[in-house]
Amino acid sequence: MSRADWRSTLDRLVDASAAERIIISVTSLLFAIVVGAVLVFVSGFVADCPDPFIYFPGAGYGCYNPLEVYWTMLDGSFGSWNDLGQTLQETTLLLFTGLSVAVAFRAGLFNIGTQGQMILGALATALVVLHLGELVPDNVFGTLLVIPTGIVVGAIVGGFWGMIPGLMKAYADAHEVITTIMLNFVAIGIAFWLVQVHVGDLTTDSVQTESIPAVARLPPTIGGSRFSVVALVGALLVAVGVYLLYTRTVIGYDLRTSGLQESAAEYAGVDAKRNIVTSMTLSGALGGIAGAIYVTMVQYRWQAGIPPLGFDGIAVSILAGNNPIGVIPAALLFGSLKSGSLAINLTLGVPNELVEVLRGLIILFIAMPEFFRMVGKHFGFGSDPTAVAADGGDRS
Amino acid sequence: MRATVSELSRRQGLAIGAILFGLLALGLFVDGGRQLLGDVTGVISTSYLASAFRLTVPIAFAAMGGIFAEKTGVINIGLEGLLIIGAFGAIASMYALTATPIGANAWVALLLAVAASTFVALLFAIVCIEFKADQIIAGLAVWLIALGFAPFASIIIWNRTNSPSVGTFSTVSIPGLSSLPGIGSLFVATPPVFLLILAVPFSWYLLNHTTFGMWIEASGEDPKSLDTAGIDVRKVRYAGVILSGIYCGIGGAGLALNTGQFVGSGDTMVDGRGWIGLTAYLIGNYNPVGAFLASFLFAGLDALQLQLQQIAGYSVSSTLVGIIPYVAVLVVLTFVGRTRMPSAAGEHYESDE
């Protein structure tokens, strides 16, 4: 097949499955919400509370009303300017980690290593802006110099960490699922050790760097939150950029084919090995940027125990069907779940770990399109739609 | 496509070389390597070995469970999640049992933990086999659900992410052997350690010398011919995944019933042991004995690091020791080439009937 044939085949596959993907994603989400509701309702009978909302003879008192839990979650993520800021802050970070996972997925590569790439990128950014911040004037020009530099450094270090599994996949045939998981642990260990023993704030017991100077902080935009609209706009532009790269350019096309059909890509005259490395590097760079934004917008320092944004990114990307534009609503959804989880904990005493359970459930349901197809068939929907790989791939 | 002996020894030699190199590098980080070497050899004693065995339990059980699932053709990267369910299930059962006539019995708690972990593994199997889910994504989901659910349930039950202390397994001594001079203390251990020592040869025998082991091998390598021979590939795969649930249940319960507490904060008390189990069977090349040896090596390093900090006052960074297994796997995967996965692993099998 010529390159053009491949391209049209791929495009057709992507287009054909787009509608189905959206249906699967939305249904999976609904199923996860229903299962989550059942979990909350049942656990309410185990928990203790002063005024239960329901009594079942035999089962006792139920503490949690699932509808109230979800309503509180929604209210807690959009109910006030502060909440909105919190939600958008999470959304911005998830956009970057989601795109990081999606970029690899588009090439048929499974990057579970975004977390590690983000952690090392965040550390590099923190160290660079700490030192650079002392040298520049404390005004807007200083900020314009320091923050972009910090982000670039974060991207380089994250990209480097993503390049390693790329190289191992392309030239040693080591499976990227295994290597990226391993590299997460290595990244966490190295960063922790570096900060604890060498580059951290040695005056405190906690494993953290010093706080970055004001000049290196993204300006907060809404209410009392640290959300910066600059970062969100940047993330949206990157999403659109990635989308255009993969749909409108030859490079993007080559990247897509290389991981999917290495031999076919080679046959069509594409250097598949190099493209696998490029995809993973690009993916890692986006993870590194997520770390840079985390440091300059949220934590204002590197601190051990960086939240699992990289793993949330996997959920975001899978929910989005690995479509860079789809990542935007998916990131918003997970962003609001995250900020809403604080509210259910404070207001209702429902453990905010519920959101992590929901995240897992959403991933689980999306992994099984066959289940929905069978349910759909049972109720007489659809005429046996073509099979779609749940893992993102245009593999099917 | 069996790995030849030379390939095996090359792989394991490289892994051991990488680990020794890592240790050497660590020695340089601390202070004069010679001093360290002296202290390391001083630390090796029967009590050290006993604690290394204890630390091996969750890793080796997870590893052997992973082997069974993957050999049948289902890659189970949810091992970590299954260990978490096992650990939480054991402590929650102990806690709940105190209010029953049975009382807090560690053996019953172990059984309940195994039941919980097996139940989750069964769900995973259904999702992968019946609904043809992507095994990697579903495995990831198992891990993430367990990682969220265990602390969630801890808070519901105990109002905090860490459980209160419950009873533990009491140590058992093997009559006769335990009174041997010198090595006697090796024969005084908690039941999970003995279970592990029984499970390794059992698993090896099951895989290599029984018909069931042949089915497992065929299900992962060549499901088509297994099907032709009249064996239901689906059932074999269910068996493999369920075995991984049973093993992880024992491993997780063994871990938790050792300290008598479930720690749900951070990465939970399982703290990556499931992932180390995965690395262990990759280094052990899908052989239960190899997986056990790799697990023992990693657990031994962990125990060494703990002891060095206590005895010699070294500030050996536990995080650096902790990354050795992962680096070892990266080295093996890169320089020894691809892990020889069962050729049908990760693929769905559809019978033609």
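Residues numbered from 1 in each chain as written. Chains lettered and ligands numbered in written order. Predicted model: local features only at pLDDT ≥ 70, side-chain atom pairs only at ≥ 80, totals over all residues. Heavy atoms only, no water.

K.L.:
Help me understand the environment of Tyr349(B) in this model?
P.N.:
Residues and elements named next belong to chain B. With respect to the element layout, Tyr-349 can be found in the segment after α14 (324–335). Taking the relative accessible area as the measure of exposure, Tyr-349 reaches 18% and is therefore buried. For the pair Tyr-349 and Pro-223, spaced 126 residues apart in the sequence, the C-alpha separation amounts to 7.1 Å. Not counting chain neighbours up to four residues away, the residues in contact with Tyr-349 comprise Pro-223, Lys-224, Asp-227, Val-233 and Arg-237. Within the local environment of Tyr-349, its side chain forms a polar contact with the side chain of Asp-227, the two groups lying 2.8 Å apart. (Helix = DSSP H or I, 4+ residues; strand = E, 2+ residues; numbered from the N terminus. Buried < 20%, exposed > 50% of the residue type's maximum accessible area, 1.4 Å probe, protein only. Contact = heavy atoms within 4.5 Å. Polar contact = N/O pair within 3.5 Å; in protein donor to acceptor, adjacent residues only side chain to side chain.)

K.L.:
Help me understand the environment of Gly142(A) in this model?
P.N.:
Residues and elements named next belong to chain A. Note that Gly-142 resides in helix α5 (residues 140–172). Taking relative accessible area as the criterion, Gly-142 reaches 1% and is therefore assigned buried. Along the primary structure Gly-142 and Phe-45 are separated by 97 residues, whereas in three dimensions their C-alpha atoms are 56 Å apart. Those residues in contact with Gly-142 that sit more than four places away from it in its chain are Val-136, Pro-137 and Val-215.

K.L.:
Sorry if this is basic, but what is going on with unusual backbone geometry here?
P.N.:
Note on backbone geometry: most residues besides glycine have negative phi, and most peptide bonds are trans. Residue and element names in this part refer to chain B. Even without a glycine there, the phi angle at Lys-132 is positive, about 50°. Positionally, Lys-132 belongs in the loop between α5 (106–129) and α6 (135–158). Classification of Lys-132 by relative accessible area gives partly exposed; the value is 26%. With a phi angle near 45°, Asp-271 is a residue other than glycine that sits in the positive phi range. Looking at the element boundaries, Asp-271 is found in the loop between α10 (233–259) and α11 (273–283).

K.L.:
Teacher, can you tell me more about the packing of α5(B) against α6(B) here?
P.N.:
Geometry of a packed helix pair, given as the angle between the helix axes and the separation of the axes. Residue and element names in this part refer to chain B. Put simply, α5 and α6 touch, their axes get as near as 10 Å, and they point 155° apart. One way to sum up the angle between α5 and α6 is to call them roughly antiparallel. Our pair here, α5 against α6, has a crossing hand that is right-handed. Contacts from Val-120, Phe-124, Val-127 and Cys-128 of α5 reach α6 at Gln-135, Ala-138, Gly-139 and Val-142. Class assignment for the residues of the contact of α5 with α6 results in 6 nonpolar, 2 polar and no charged. (Axes fitted to C-alpha atoms, helices over the stretch in contact; angles between N-to-C directions. Parallel < 35°, antiparallel > 145°, perpendicular 65-115°, else oblique. Left-handed = near helix turned anticlockwise from the far one by under 90°. Nonpolar A, V, L, I, M, F, W, Y, C, P; charged D, E, K, R; others polar.)

K.L.:
What's the story with the state of the cysteines in this structure? I'm lost.
P.N.:
Formally, a disulfide is one covalent bond, and it connects the sulfur atom of one cysteine to the sulfur atom of another. Enumeration over the complete set of coordinates arrives at 1 disulfide over all chains. Disulfide partner of Cys49(A): Cys63(A), at an S-S distance of 2.1 Å. Taking the torsion about the S-S bond as the criterion, the Cys49(A) to Cys63(A) disulfide, at about -95°, is left-handed. Placement of the pair is Cys49(A) in the loop between α1 (3–46) and β1 (54–56) and Cys63(A) in the loop between β2 (60–62) and α2 (66–78), with a sequence separation of 14 residues. The class for Cys63(A) is buried, based on a relative accessible area of 12%. A disulfide-free cysteine, Cys248(B) has its sulfur positioned 14 Å from the sulfur of Cys128(B), the nearest such atom. Taking relative accessible area as the criterion, Cys248(B) reaches 0% and is therefore assigned buried. (Disulfide = S-S within 2.5 Å.)

K.L.:
Looking at this model, I keep getting lost on the interface of chain B and chain A. Mind explaining?
P.N.:
By a frequent convention, interface size equals the accessible area lost on bringing the separate parts together. Contacts between the two partners involve 40 residues from chain B, matched on the other side by 45 residues from chain A. Interface area, chain B with chain A, both sides summed: about 3800 Å², of which 85% is carbon and sulfur. When residues of chain B are sorted by the area they lose upon contact with chain A, Phe131(B), Ile137(B) and Phe152(B) head the list and together hold 18% of the total. Counting across the interface, chain B meets chain A through 0 salt bridges. In this assembly, chain B and chain A are joined by 1 residue pair in polar contact (both at pLDDT 80 or more). Elements with a minimum of two residues in the side of chain B that touches chain A: α6, α11, α13 (318–322) and α14 of chain B. No other element matches α6(B), which puts 15 residues into the side of chain B that touches chain A. Across the side of chain B that touches chain A, the residue classes tally to 29 nonpolar, 8 polar and 3 charged. (Buried area = accessible area lost by both parts, 1.4 Å probe. Salt bridge = Lys/Arg side-chain N within 4 Å of Asp/Glu carboxyl O.)

K.L.:
What should I look at first to understand the pattern of salt bridges in this one?
P.N.:
Between side chains of opposite charge, a pair can form as their charged atoms come close. Across all of its chains, the model carries 6 salt bridges over all chains by this definition. The partner of Asp312(A) in a salt bridge is Arg359(A), and the shortest N-O contact between them spans 2.5 Å. Remark: Arg359(A) occurs in helix α13 (residues 354–366) and Asp312(A) occurs in helix α11 (residues 309–319); sequence separation between them is 47 residues. The salt bridge partner of Glu217(B) is Lys71(B), with a shortest N-O separation of 3.2 Å. Taken together, the residues span a long stretch of sequence, with Glu217(B) in helix α8 (residues 211–221) and Lys71(B) in helix α3 (residues 46–72) at a distance of 146 residues. Three or more residues are tied together by salt bridges with common partners; here these are Asp312(A), Lys338(A) and Arg359(A).

K.L.:
Where do I start with the confidence of the model for chain B in this structure?
P.N.:
Parts of the model with low pLDDT should not have their predicted coordinates read in detail. Residue and element names in this part refer to chain B. Overall, the prediction assigns chain B a mean pLDDT of 85, with 84% of residues at 70 or greater. For the stretch residues 1–6, pLDDT sits under 50, and the model shows 5 contacts to residues farther than four places along the chain or on other chains. Our summary of model confidence lists the complex with pTM equal to 0.89 and ipTM equal to 0.87. (pLDDT = per-residue confidence, 0-100.)

K.L.:
What should I look at first to understand the environment of Ala18(A) in this one?
P.N.:
In this structure, Ala18(A) sits in helix α1. Note: C-alpha distance between Ala18(A) and Gly321(A) (303 residues apart in sequence) is 8.0 Å.

K.L.:
So what exactly am I meant to see when it comes to helix α3 (residues 81–106) of chain A here?
P.N.:
The periodicity of an α-helix, 3.6 residues per turn, causes residues three or four places apart in sequence to face the same way. Compared with the 38 Å implied by 1.5 Å per residue over 26 residues, the 36 Å span of α3(A) between its first and last C-alpha is a close match. Two residues or fewer after α3(A) comes Gly108(A), characterised by a positive phi angle close to 75°. (Expected span 1.5 Å × (residues − 1).)

K.L.:
Which parts of the structure should I look at to understand the nonpolar core?
P.N.:
Considering soluble globular proteins, one finds that nonpolar side chains tend to be buried as a cluster. Within the largest apolar cluster, 217 residues are counted, with the highest numbers of intra-cluster contacts made by Phe110(A), Ile112(A), Trp302(A), Leu354(A), Leu257(B), Leu278(B) and Tyr281(B). The biggest single contributor to this core is α6(B), with 16 residues. If you look at the next biggest cluster of nonpolar residues, it comprises 7 residues, including Ala107(A), Leu109(A), Ala170(A) and Ile276(A). (Core = buried A, V, L, I, M, F, W, Y, C linked by side-chain atoms within 4.5 Å.)

K.L.:
Explain a nonpolar patch on the surface here, please?
P.N.:
Residue and element names in this part refer to chain A. Taken together, the side chains of Trp-71, Leu-74, Phe-78 and Leu-332 define a hydrophobic patch exposed on the protein surface, amounting to about 410 Å² of accessible area. A total of 3 residues in the nonpolar patch trace back to one element, the largest contributor, which is α2. By the element assignment, Leu-74 lies in helix α2. (Patch = residues over 30% accessible without salt bridge, like charges linked within 9 Å, V, L, I, M, F, W, Y side chains within 5 Å. Areas by Shrake-Rupley, 256 points an atom, 1.4 Å probe, with all protein chains shown as cover.)

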